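Examining the three-dimensional arrangement
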Amino acid sequence: MSRIATTLALSGLLAVAASSTAPAADGLDRRDVETAYLAQLDREQRPFTWSGDVGACVAGEPSSAVQSDSLASLNFFRWLAGLAPVQLDDAASASAQQAALMMAANGQLSHTPTRFWRCASQQGIDAAGRSNLFMGATASQAINGYMADDGVNNQQVGHRTWLLHPGLRTVGIGNTPETNAVAVFGEGAAYDPAPPNVPVAWPAPGPFPTGLAPSRWSLTTTAQLTNEPRGWEGSSVTVTKGSRTWNPPIINRTRALVWYMDDTASGTYMVRVTGTQDFSYSVELFEPTVRMGTAPQLTGRALVGRSLKVQGGTWRPTSARISVRWKVGKRVLPRPGKRLAVKAWMRGKTVRANVTGSYEGLVPRVLTLRKAVKG
């Protein structure tokens, strides 16, 4: 089971007046969101490579592909929230790498490790105090974990809030096979001195994949992130979905207003926040569909004694599970598989291969291929 560090305290960076405008839907197209989400799923499944060694206390470096995927994942979530992308800082990444090594070597997470920790370095100790920390996953999977921000100690969803700070411009990222550190302030982590004065909601307004919908929803204003917290005391949240309207329980009222949602299935959620500040917006949760790039082909000759085979095809995500069920005439064959031996009883009948691409949390994609068996 993965673990995420206790939320970092949100330090003041710059005072900016709070906005009471609604979180603006950025006009994202549902298909564009689906495409970007499938790319994120691909990143989460790619193999991890690095030059380090936890046993020998060698921090090493993740491969350029791992770092690129990690950054792309972070920027995917920022794009979904309507925020500008960030860049990697080499110095901050080197420090975050030392912090990630310390967490892996000691099998625990802490923002305040000491010099007595195994593989301790001052660089790693300092970075641990200014980084998001994750154990049990790395790279793109860890970035996704920060956005969910589960755990009893993370009701302020601080990890998510740091990564979605409107003013964030550069970060450092460190990865080992089982740990991740993202330096979000301090050395190398830069912020816009006049960050966009925008509210940030998660899930973001507009089309949003159900696979990313957390149980903890949140809303934050720039002012509350930059040491001018007007607070959410007295605020209430009302959600409407179809014929149901309810007030979800609020679990945090500090710099982020956080509430628990007992429903994150497909549908349109109208969210209204009233109190110190008023906000209204809608979230369209939808189930993305497995996509097919190039279609598979039904090869072979439809003759008795020969075989037919489903070959080729590309799918998104690339790790989608591909299965084939055969139907001859009106008869569904009991055994799945990509190859079918043509029997005498099939003469004059149409053979159908139902090819399904499936992936957990996605709507399956089905393609039917046909050939008539010659008499």
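The structure this text deals with has already been given above.
Calculation criteria
- Residues numbered from 1 in each chain as written.
- Predicted model: local features only at pLDDT ≥ 70, side-chain atom pairs only at ≥ 80, totals over all residues.
- Heavy atoms only, no water.
- Disulfide = S-S within 2.5 Å.
- Helix = DSSP H or I, 4+ residues; strand = E, 2+ residues; numbered from the N terminus.
- Buried < 20%, exposed > 50% of the residue type's maximum accessible area, 1.4 Å probe, protein only.
- Salt bridge = Lys/Arg side-chain N within 4 Å of Asp/Glu carboxyl O.
- 1 Å grid on protein atoms, 1.4 Å probe; cavity = no way out; pocket = protein on both sides within 12 Å on 5 of 7 lines; lining within 4 Å.
- Points joined across faces, edges and corners; volume = space filled by probe spheres on them.
- Nonpolar A, V, L, I, M, F, W, Y, C, P; charged D, E, K, R; others polar.
- Axes fitted to C-alpha atoms, helices over the stretch in contact; angles between N-to-C directions.
- Parallel < 35°, antiparallel > 145°, perpendicular 65-115°, else oblique.
- Left-handed = near helix turned anticlockwise from the far one by under 90°.
- Contact = heavy atoms within 4.5 Å.
- Phe/Tyr/Trp six-rings, centres within 6.5 Å; stacked < 30°, edge-to-face > 60°.
- Lys NZ or Arg CZ within 6 Å of the ring centre and 35° of its normal.
- Pairing = 2+ DSSP bridges.
- Core = buried A, V, L, I, M, F, W, Y, C linked by side-chain atoms within 4.5 Å.
- Expected span 1.5 Å × (residues − 1).
- Polar contact = N/O pair within 3.5 Å; in protein donor to acceptor, adjacent residues only side chain to side chain.

Before going further, it helps to examine the state of the cysteines. Scanning all chains against the criterion turns up one disulfide. Between the sulfur atoms of Cys 57 and its disulfide partner Cys 119 the distance amounts to 2.0 Å. Around the S-S axis, the bridge from Cys 57 to Cys 119 shows a dihedral of about -75° and counts as left-handed. Taken as a pair, Cys 57 in the loop between helix H1 (30-45) and helix H2 (64-80) and Cys 119 in the loop between helix H3 (90-106) and helix H4 (122-128) lie far apart in primary sequence, 62 residues in all. Cys 119 sits in the buried class, given a relative accessible area of 11%.

A complete count under the given rule lists nine salt bridges for this structure. Measuring nitrogen to oxygen at the nearest pair gives 4.0 Å for the salt bridge that ties Glu 34 to Arg 31. Of this pair, Glu 34 and Arg 31 both sit in helix H1, separated by three residues, roughly a single helical turn. Classification of Arg 31 by relative accessible area gives exposed; the value is 52%. In this structure, the salt-bridge partner of Arg 316 is Asp 42, at a minimum N-O distance of 2.9 Å. Of this pair, Arg 316 sits in strand E18 (residues 315-316) while Asp 42 sits in helix H1, placing them 274 residues apart in sequence. Residue Arg 316 is classed as partly exposed on the basis of its relative accessible area of 31%. With a relative accessible area of 7%, Asp 42 lands in the buried category.

The next thing to look at is the layout of surface pockets. When its volume is computed, the largest pocket comes out at roughly 420 Å³. Counting only elements with at least two residues in the lining of the largest pocket, the list comes to strand E1 (3-4), H1 and helix H5 (139-148). With five residues, H5 is the single largest residue contributor to the lining of the largest pocket. In the lining of the largest pocket, the residues fall into ten nonpolar, seven polar and four charged.

The next thing to look at is empty space enclosed by the protein. Taken as a whole and assessed by the stated rule, the structure comprises one cavity of 30 Å³ or more. Empty space within the largest cavity amounts to approximately 70 Å³. Taken together, Arg 160, Thr 161, Leu 164, Val 200, Trp 202, Ser 218, Thr 220 and Leu 225 make up the lining of the largest cavity. Going through the elements one at a time, helix H6 (158-163), strand E6 (200-202) and strand E8 (216-220) are the ones with two or more residues in the lining of the largest cavity.

As a further point, take the packing of H1 against H2. The N-to-C vectors of H1 and H2 enclose an angle of 155°; their axes lie 10 Å apart at closest approach. When the interaxial angle is binned, H1 and H2 end up roughly antiparallel. Between H1 and H2 lies a crossing of left-handed hand. Together, Asp 32, Val 33, Ala 36, Tyr 37, Gln 40 and Arg 43 of H1 and Asp 69, Ala 72, Ser 73, Phe 76, Phe 77, Trp 79 and Leu 80 of H2 make up the contact between the two elements.

Before going further, it helps to spend a moment on the packing of aromatic side chains. Going through the model one piece at a time under the given rule, you end up with ten aromatic pairs. Members of the aromatic cluster, connected to one another through ring pairs, are Phe 76, Phe 77, Trp 79, Trp 202 and Phe 208. The lysine or arginine in question, Arg 331, covers the ring of Trp 345, its NZ or CZ lying 4.4 Å from the ring centre.

Once that is clear, we can look at the sheet that holds strand E2 (residues 87-88). Strand order in this open sheet of five strands is E1-E3-E5-E4-E2, and the pairing throughout is mixed. Two strands in the sheet have a free side with no partner beyond their single neighbour: E1 and E2. In this structure, strand E3 (residues 131-135) lies alongside strand E5 (residues 179-183), joined through five bridges in antiparallel fashion. Bridge pairing in E5 places Asn 132 opposite Val 182. The sheet contacts of H2 involve E2 and strand E4 (170-175), and relative to E4 the element is tilted by about 130°. Seen against the sheet, H3 touches E2, E3, E4 and E5 and runs at an angle of roughly 35° to E4.

Trp 202, Trp 259 and Trp 326 are the most contacted members of the largest nonpolar core, which has 77 residues in total. Ala 99, Ala 100, Ile 125 and Ala 128 belong to the second largest nonpolar core, which has 14 residues in total.

Let us look at H1. Along an α-helix, residues three or four apart share an orientation, since each turn contains 3.6 residues. Compared with an ideal rise of 1.5 Å per residue, which puts 16 residues at 22 Å, H1 spans 23 Å between its outermost C-alpha atoms and is within 8% of the ideal. Those residues of H1 that sit buried are Val 33, Glu 34, Ala 36, Tyr 37, Leu 38, Gln 40, Leu 41, Asp 42, Arg 43 and Glu 44. In the core, the buried residues of H1 are packed alongside H2, H5, strand E7 (206-209), strand E14 (279-286), strand E15 (291-292) and E18.

This part takes up the side chain of Ser 131. Mapped onto the elements of the fold, Ser 131 is located in strand E3. Within polar-contact distance, the side chain of Ser 131 engages the backbone oxygen of Ala 127 at 2.7 Å. Discounting chain neighbours no more than four positions away, the residues touching Ser 131 are Leu 8, His 111, Ala 181, Val 182, Ala 183 and Val 184.

Our next topic: the sheet that holds E6. In spatial order, the strands read E6-E8-E12-E11; together these four strands make up an open sheet with antiparallel pairing. What marks the edges here is a single partner per strand, and that holds for E6 and strand E11 (250-253). The mean angle between the axes of side-by-side strands here comes to 10°, regardless of whether they run parallel or antiparallel. Inspection of the sheet shows E6 paired to E8 by three bridges, in the antiparallel sense. In the sheet register, Trp 202 faces E8, and the bridge partner there is Ser 218.

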